[in-house]
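# Observations on chain architecture
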Amino acid sequence: MWDAIVVGGGHNGLTAAAYLARGGLRTLVLERRPLLGGACVTEELWPGYRVSRAAYVAGLLRPAVVRELGLEARGLRLIPRRPASSFTPLPDGPGLLLGHDRRAACDSIRPFSARDAEAYPRYEAFLEGAARAIEELLDVPPPDPARLAVRDLPPLLRVLRRLVAHRRELPRLAALLLGPARPALESWFESEPLLGTLATDALIGAFAGPSSPGTGYVLIHHVMGESCGERGVWAYVAGGMGAFAEALAQAARDAGAEIRCDAAVARIAVEDGRARGVVLEDGSALEARAVLSAADPVRTFLGLVGEGALPADFARAVRGIDVRSPVLKINLALDRLPVFRGRPPAAAGGPAPEHSGTIHIGARDLDALEASFAAAAGGALPERPMIELTLPSALDASLAPPGRHVASLFVQHAPDLPAADWDALRDPFADRVLSLVDEVAPGFGASVLHREVLAPPDLERVFGLTGGNIFHGALGLDRLLCLRPVPGWGRYRTPVGGLYLGGAGTHPGGGVMGACGRNAAGELLRDRGIRRR
Ligand SMILES: Cc1cc2nc3c(=O)[nH]c(=O)nc-3n(C[C@H](O)[C@H](O)[C@H](O)COP(=O)(O)OP(=O)(O)OC[C@H]3O[C@@H](n4cnc5c(N)ncnc54)[C@H](O)[C@@H]3O)c2cc1C
């Protein structure tokens, strides 16, 4: 009999397992894939090329998880994306470069608008204040107004204190948090390349355009966290994103947890309204006092538990989770770094400033992003999709053979189509994406040695993400805080006794953070009268 079985060895499942084992529970992790990490994984897709196959950049990692689990001592190393964290190439001129050096960023903005260059530092300070206030709620179970407890008050008071400190900005903050990104950004800036570039953060993973309600929050979500001590810089994980999962797995094992791969759970055994263990796809049954699922909520409840074991209104709410995915991921091996129009080639083909961060293509203005979404909303492939290109091997030579590189293209907006339709569309769409990169970096397509194209159904098949949704369910305003995954069940417990949920489908949501797994483990331990260590 296990004290706790964790379903899913993604980064949240591994985080939860590490805390459960440190709390003294006999803990077993079961992962269906042959390797750990879920969407936070490094895979050698082609000999010598190690690819962050899904998630590609770290920014949201919770400092508490890194510190408490001793992840740096277990091999985690972050590489800050300097000098530029963001580059927007344009057909004429050197494009827009933004990074940690604020003066250099303003110099890059000024040719488009002197007013915007002046406003940019104030905008950054505004986002900093907003993110700091919200971050107070990331590492705790979300307060539920219907069941407010004394322990919920300190984080709420800290949020309040931060908001009061920024009270002049409150109307603007409310407009950003509750509304679409477009008017919020337009209240700060006028120049299109800057607006388009900043709006990409509001659209990542969202089936939405800049004018869609709720995109303001998605923008804030993506500026929270500060890898390497700097907001918005984000970082590469040395060795690819899987190195984060490996460090977590090591922390879990060191605390006594057992981890099994190639161990797909077919169902969670429920008797008399309580989780009693799991049954694997090979038919073997494992008993446990508690089960913590870090698979997504739809897969967990409708797939592994089954509607028959759930209250009807709860099952209905789970069915209502928006798992559509606008994301197509392309992984590439390249024989050289791209050279962008308007920018000098780097010495000896080495990295130039524009290679270090995210390269935004298709984001030269807000209307282009609106059109990208509008096409997908109408069921069509966008002519000019939003593309986030990253070249991690420019900063981490361990990822590719000498002189060669790996590239990742995170593409939106993929339309919501049946899996069979994607068989005919996957490659033509990828060709279109590569031709758009060629427009700004001639010869890019010719530099491709290998490619992998993952459409939404592929993200579901490979990583087990229902619908291919990268967040385990949209980060809509109706699914935040105690409303996530569904209203009434926002604190990691479920209507099934002894069954907890601890993946990205819970507060504080998607992204490589570790917060969901840490918070869920804390609640399970609490129910057993154990303090999290
Ligand atoms: C293409 C893509 C790009 C992304 N880019 C970024 C990025 O750059 N930065 C960022 O912060 N976030 C990014 N994200 C989002 C982020 O990766 C996810 O939100 C996060 O990794 C989810 O972690 P998780 O541990 O909660 O769940 P998952 O990573 O989904 O892990 C769940 C695990 O459960 C396993 N599982 C499912 N069912 C079963 C079963 N029946 N039995 C056993 N195991 C099971 C799965 O195989 C998986 O390993 C991206 C995601 C994708 C898909």
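Summary of the structure given here. None of these values were measured; they are calculated from a predicted model.

## Side note on the nonpolar core
Side chains of a nonpolar character, in soluble globular proteins, are inclined to be buried together. Counting residues in hydrophobic clusters, the biggest one holds 59 residues, and the most contacted among them are Tyr-120 and Phe-189. With 9 residues, the top contributor of residues to this core is helix H4 (residues 114–135). Discounting chain neighbours no more than four positions away, the residues touching Phe-189 are Arg-115, Asp-116, Ala-119, Tyr-120, Tyr-123, Leu-194, Leu-195 and Leu-198.

## Quick word on the side chain of Ser-293
You can see Ser-293 is positioned in strand E12 (residues 285–293). Ignoring anything within four residues of it in the chain, the contact list for Ser-293 reads Val-7, Thr-300, Tyr-500, Leu-501, Gly-502 and Gly-503.

## Focus: a nonpolar patch on the surface
The grouping of Leu-148, Val-150, Leu-153, Leu-156, Leu-157, Leu-160 and Val-164 at the surface amounts to a nonpolar patch, some 630 Å² of accessible area in total. With respect to the helices, strands and loops of the structure, Leu-148 is situated in the loop between H4 and helix H5 (153–165). Taking the relative accessible area as the measure of exposure, Leu-148 reaches 46% and is therefore partly exposed.

## Regarding the site of the ligand
In the neighbourhood of the ligand, 35 residues make up the surrounding shell, with Asn-12, Glu-31, Val-57, Ile-470 and Val-512 lying closest. Contacts to the ligand include Asn-12, whose side-chain N or O atom sits 2.8 Å from an oxygen atom. Residue Glu-31 places a side-chain N or O atom 2.6 Å away from an oxygen atom belonging to the ligand. For the ligand, the accessible surface in isolation is 1,000 Å², of which the surrounding protein chains cover 97%. Secondary structure elements with two or more residues in the shell around the ligand: helix H1 (11–22) and helix H11 (297–305). A per-class count over the shell around the ligand returns 20 nonpolar, 10 polar and 5 charged.

## So, the packing of H1 against helix H10 (residues 242–254)
The N-to-C vectors of H1 and H10 enclose an angle of 20°; their axes lie 8 Å apart at closest approach. By the criterion of interaxial angle, the relationship of H1 to H10 is roughly parallel. Where H1 crosses over H10, the two elements pack in a sense that is left-handed. Contacts from His-11, Leu-14, Thr-15, Ala-17, Ala-18 and Ala-21 in H1 reach Phe-244, Ala-245, Leu-248, Ala-249, Ala-251 and Ala-252 in H10. Looking at the contact of H1 with H10 residue by residue, the class counts come to 10 nonpolar, 2 polar and no charged.

## Details of unusual backbone geometry
Omega for the peptide link from Arg-82 to Pro-83 comes to 5°, which places this bond in the cis form. Residues Gln-412 and His-413 are joined by a peptide bond in cis, for which omega reads 15°. The residue His-413 is located in the loop between strand E16 (405–412) and helix H14 (419–440) in this model. One non-glycine residue, Leu-481, lies in positive phi territory at about 50°. Along the chain, the position of Leu-481 falls in the loop between helix H15 (456–463) and strand E18 (499–501).

## So, the pattern of salt bridges
Summed over the entire model, instances satisfying the criterion amount to 34 salt bridges. Among the salt bridges present, the one from Arg-299 reaches Asp-296, with a minimum N-O distance of 3.9 Å. Residue Asp-296 is classed as buried on the basis of its relative accessible area of 2%. Ionic pairing is found between Asp-423 and Arg-426, a salt bridge with its closest N-O pair at 3.3 Å.

## Concerning the sheet that holds strand E14 (residues 358–361)
The strand order across the open sheet built from 7 strands is E7-E6-E14-E15-E16-E13-E17, with neighbouring strands paired in mixed fashion. With one partner strand each, in any of the chains shown, strand E7 (96–99) and strand E17 (448–454) form the two edges of the open sheet. With strand direction ignored, the average angle separating the axes of adjacent strands in the sheet is 20°. Pairing geometry for strand E6 (residues 84–88) and E7, over 4 bridges, is antiparallel.

## Here we look at the environment of Phe-207
Residue position: Phe-207 is located in the loop between helix H8 (192–203) and helix H9 (215–221). For Phe-207, a relative accessible area of 16% gives the class buried. Remark: the alpha-carbon pair of Phe-207 and His-413, spanning 206 residues in sequence, is separated by 7.3 Å. Setting aside chain neighbours within four positions, we find Phe-207 in contact with Arg-324, Ser-325, Pro-326, Phe-373, Ala-376, Ala-377, Ala-414 and Asp-416.

## Regarding the packing of H1 against helix H16 (residues 515–527)
Packed helices, taken two at a time, are described by the angle their axes make and the gap between the axes. Viewed as axis vectors pointing N to C, H1 and H16 meet at an angle of 35°, and their least axial separation amounts to 7 Å. The hand of the H1/H16 crossing is right-handed. Contact with H1, carried on its side by Asn-12, Thr-15, Ala-16, Tyr-19 and Leu-20, involves Ala-515, Cys-516, Gly-517, Arg-518, Ala-521, Leu-524 and Leu-525 of H16 and no other residues of that element. Broken down by class, the residue content of the contact of H1 with H16 amounts to 8 nonpolar, 3 polar and 1 charged.

Analysis parameters
Residues numbered from 1 in each chain as written. Predicted model: local features only at pLDDT ≥ 70, side-chain atom pairs only at ≥ 80, totals over all residues. Heavy atoms only, no water. Core = buried A, V, L, I, M, F, W, Y, C linked by side-chain atoms within 4.5 Å. Buried < 20%, exposed > 50% of the residue type's maximum accessible area, 1.4 Å probe, protein only. Helix = DSSP H or I, 4+ residues; strand = E, 2+ residues; numbered from the N terminus. Contact = heavy atoms within 4.5 Å. Patch = residues over 30% accessible without salt bridge, like charges linked within 9 Å, V, L, I, M, F, W, Y side chains within 5 Å. Areas by Shrake-Rupley, 256 points an atom, 1.4 Å probe, with all protein chains shown as cover. Salt bridge = Lys/Arg side-chain N within 4 Å of Asp/Glu carboxyl O. Near = heavy atom within 4 Å. Polar contact = N/O pair within 3.5 Å; in protein donor to acceptor, adjacent residues only side chain to side chain. Nonpolar A, V, L, I, M, F, W, Y, C, P; charged D, E, K, R; others polar. Axes fitted to C-alpha atoms, helices over the stretch in contact; angles between N-to-C directions. Parallel < 35°, antiparallel > 145°, perpendicular 65-115°, else oblique. Left-handed = near helix turned anticlockwise from the far one by under 90°. Pairing = 2+ DSSP bridges.

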